[in-house]
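Take a look at the letters that make up each chain.
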Amino acid sequence: MDLALRLLAITRDMGIKNITIIGGEPTLWKHLMEFNVECRKAGIKTTLVTNAYRFGNNDYWRQYVDKPNDKIGASLKAFSSDSAMRIAKIHDFEILKIGLHRVVSRFGSGISFVCNSFVLNDLLPLAKVAYECGARSISISPCTPSFSKGEVDTSGMVPLIDLVENIVLQYDKINDLFAGQLMFSIKTPLCIWPKDFIEKLTERGQLRTSCQFQHRSGIIFGPKGQIMACNSMADFPIGIIDENYNSAESLIKLFNSPTVVANYNYINSYPSELCIDCPKASLCRGGCPLMWAVYNAKESIPGW
Ligand code: SF4
């Protein structure tokens, strides 16, 4: 908790007004509610990203609603008891649904899910569970790789061709179920999708492209005070508290240092020459940069 309070003070001194608390699973952090109180005192709004499972427990929920976050983003990984056990090691799917229902009713939250290899053919059943739990908006994003403990985890990733085929196939039914209240964080090059699909998403205001890293809209702190470019890049911290920064001023200096700027520009560069003159480049930016640690950009990007 001491470290969290130091990081809170640094963010407040930088003029940051919103913090997102994300895991792992942040409801397992024993200081969550205490931290929420401190953020409120500091005038900072918080959003919790959670699977909502703990909120299915009556005692936990009672305590939480006394010291809540300002917003909750709930994520759903499974659509049945079997899949909950297999994918998320959650033993009681009914408790999970109670937790989701509580979050949606109290915070008006939508539910998000990741389109990964475990649920690729089951996006509609997932969407139906979200709907049954009261959600009236939904957000979908593809799985991207993560770098942690010296390994690249690609276990949930789906070949791009299968991703496109399955999402295009299941989109209409999910969209109808949610009466158009659907957001798609595409994370992949726009040019791998059928043009009419991208145009439909754009017209309907359902397309979200690029991330906090690409549009420089957020900072990610790891559990040991590491600064990360992305929460999937735990192995490559930009800096560590007390080694590279210890205040708002020193953190801003670190961000503007030649090494960090050069690394940022490298990671954020276009993955293909085709992107340079592409009319969609400012929107697309070539998709999530981490994809290109796994896929070959030359082979994967056809060009708009
Ligand atoms: S050419 Fe590049 S910028 Fe254009 S749509 Fe494809 S990946 Fe995106």
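See the structure above.
Scope of this entry: the structure provided in the associated data block. Owing to the predicted nature of the structure, the values given are computational and were not obtained by experimental measurement.

## Some details on the overall build of the protein chain
Tallying secondary structure elements over the protein chain gives 12 helices and 12 strands in all. Over its C-alpha atoms the protein chain spans a radius of gyration of 20 Å, differing by no more than 12% from the 19 Å that the globule rule assigns to 304 residues. Projected onto the principal axes, the alpha-carbon positions of the protein chain cover approximately 50 × 50 × 35 Å. For the protein chain, the residues scored as buried account for 34% of the 304 residues in total. In the protein chain, of all internal contacts separated by at least 6 residues, the share reaching a separation of at least 24 is 70%.

## Brief notes about the site of the ligand
Close contacts around the ligand come from 14 residues, with Pro189, Cys191, Cys275, Cys278 and Cys284 the closest. The residue inventory of the shell around the ligand, partitioned by class, reads 10 nonpolar, three polar and one charged.

## Re the pairing of strand β5 (residues 138-142)
Of all five residues that make up β5, five are buried, and the element is covered over most of its length. Residue alternation in β5 divides its side chains into two sets, Ile138, Ile140 and Pro142 and Ser139 and Ser141, and both sets are buried. Where strand β4 (residues 111-115) meets β5, five bridges bridge the pair, whose relative direction is parallel. Of the residues in β5, the one forming a bridge with Ile111 is Ile138. Read as a crossover between parallel neighbours, the route from β4 over helix α6 (residues 123-132) to β5 is right-handed.

## Let's talk about the nonpolar core
Judged by nonpolar contacts, the single largest core of 45 residues is most densely connected at Leu100, Ile111, Leu126 and Ala130. Contributions of two or more residues to this core are made by β3 (71-75), α5 (93-107), β4, α6, β5, α7 (160-177), β8 (182-185) and α8 (195-203). If near-sequence neighbours (up to four positions away) are discounted, Leu100 is found in contact with Ala52, Ala74, Leu76, Ile111 and Cys133. Membership of the second largest hydrophobic core comes to 13 residues, among which are Phe213, Phe221, Met233 and Leu290.

## Some remarks on the sheet that holds strand β11 (residues 226-228)
Strand-to-strand pairing in sheets goes through backbone hydrogen bonds, with the strands running parallel or antiparallel. Strands sit in the order β10-β11-β12 across an open sheet of three strands; the sheet is antiparallel. This sheet does not close on itself; its edge strands, each paired only once, are β10 (220-221) and β12 (239-240). In terms of strand pairing, β10 meets β11 through two bridges, oriented antiparallel. When the bridges of β11 are listed, Ile220 appears paired with Met228.

## Section: the sheet that holds β3
Ordered in space as β1-β2-β3-β4-β5-β8-β9, the seven strands form an open sheet in which the pairing is parallel. Strands with a single pairing partner mark the edges of an open sheet, and in this sheet they are β1 (18-21) and β9 (207-208). For β3 and β4, the ladder comprises two bridges, and the chain directions are parallel. Looking at β4, one finds that Ala74 is bridged to Ile111.

## Some remarks on the environment of Asn57
With respect to the secondary-structure elements, Asn57 resides in the loop between β2 (45-50) and α3 (58-66). Spatially, the C-alpha atom of Asn57 lies 8.4 Å from that of Ile98, the residues being 41 residues apart in sequence.

## Comments concerning the packing of α6 against α7
Put simply, α6 and α7 touch, their axes get as near as 9 Å, and they point 10° apart. Relative to α7, α6 is oriented roughly parallel. On the side of α6, the interface is formed by Leu123, Leu124, Ala127, Lys128 and Tyr131, while α7 contributes Gln170, Lys173, Ile174 and Leu177. Considered class by class, the residues forming the contact of α6 with α7 number six nonpolar, one polar and two charged.

## Examining the environment of Thr11
Structurally, Thr11 is set in helix α1 (residues 2-13). Under the C-beta neighbour-count criterion, Thr11 is labelled buried, with 20 such atoms within 10 Å. Separated by 159 residues in sequence, Thr11 and Gln170 have C-alpha atoms that sit 41 Å apart. If we skip the residues at most four places from it in the chain, Thr11 touches Ile16 and Ile19.

Parameters at a glance
- Residues numbered from 1 in each chain as written.
- Predicted model: local features only at pLDDT ≥ 70, side-chain atom pairs only at ≥ 80, totals over all residues.
- Helix = DSSP H or I, 4+ residues; strand = E, 2+ residues; numbered from the N terminus.
- Rg over C-alpha atoms; globule rule 2.2 N^0.38 Å.
- Buried ≥ 20, exposed ≤ 12 C-beta atoms within 10 Å, placed from the backbone.
- Contact = placed C-beta atoms within 7 Å.
- Near = placed C-beta within 6 Å.
- Nonpolar A, V, L, I, M, F, W, Y, C, P; charged D, E, K, R; others polar.
- Pairing = 2+ DSSP bridges.
- Right-handed = clockwise from strand over helix to strand, strands pointing away.
- Core = buried A, V, L, I, M, F, W, Y, C linked by C-beta atoms within 7 Å.
- Axes fitted to C-alpha atoms, helices over the stretch in contact; angles between N-to-C directions.
- Parallel < 35°, antiparallel > 145°, perpendicular 65-115°, else oblique.

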